[in-house]
Amino acid sequence: MGRLYLGAGLLAALLALGVWTSGTMTQVHQEMAGQLEQAAQAAQESDWGEAQRRAEAAGSLWAERRHGVASLADHTPMDEIDALFARLTVLAQEKDYGEFGPECRELAVRLKAMGEAHTAHWWNLF
């Protein structure tokens, strides 16, 4: 009988961990995507300093949380996101503001998609 309770407890703990992880992944990616959307808006309004600060803030969040995300996520979209952050840095250095805003939006869309892919939805179960 003790093994039954141990097994049930282990399954309950894994379920709780999965639900918590799902919520955390969504929150982390939404936060970064929000920063990038604000950066794109600032670039559209020609507020280059604010656009760069927001993009750098999103990049810092990504760098801080990348290893935790990597332990839970597929690495192919992560590599694409890394490449887009690198391209965004180059665009900022070259002061290519015509491409900076659209690149921020593209990156925000990918981050949101990555967060949604790890959210508990019924269609993610199959």
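Quick look at the structure, then. Everything numeric here is computed off the predicted structure, so don't read it as measured data.

Reading the values: rules and limits
Residues numbered from 1 in each chain as written. Predicted model: local features only at pLDDT ≥ 70, side-chain atom pairs only at ≥ 80, totals over all residues. Heavy atoms only, no water. Helix = DSSP H or I, 4+ residues; strand = E, 2+ residues; numbered from the N terminus. Expected span 1.5 Å × (residues − 1). Bend = angle between axes of the 7 residues up to and from the residue. Buried < 20%, exposed > 50% of the residue type's maximum accessible area, 1.4 Å probe, protein only. Contact = heavy atoms within 4.5 Å.

### Observations concerning helix α2 (residues 48-70)
Item 1. Taking 1.5 Å of rise per residue, 23 residues should cover 33 Å, and α2 covers 31 Å from first to last C-alpha, within 8% of that figure.
Item 2. Along α2, the helix axis deviates most sharply at Glu64, where the bend reaches about 45°.
Item 3. Here α2 has its buried residues at Ala51, Ala55, Ala58, Leu61, Trp62, Arg66, Val69 and Ala70.
Item 4. Where the residues of α2 are buried, they touch α1 (2-44), α3 (75-93) and α4 (97-117).

### A short note on unusual backbone geometry
Backbone phi values are negative for most residues with the exception of glycine, while trans is the configuration of most peptide bonds.
Item 1. The backbone of Ser46 shows a phi angle near 65°, a positive value even though the residue is not glycine.
Item 2. Topologically, Ser46 is positioned in the loop between α1 and α2.
Item 3. For Lys95, which is not glycine, the phi dihedral falls at a positive 55°.
Item 4. As for its placement among the helices and strands, Lys95 is situated in the loop between α3 and α4.
Item 5. Using a relative accessible area of 54% as the deciding quantity, one classes Lys95 as exposed.

Honestly, that's just the spatial picture; any functional story needs more than this.
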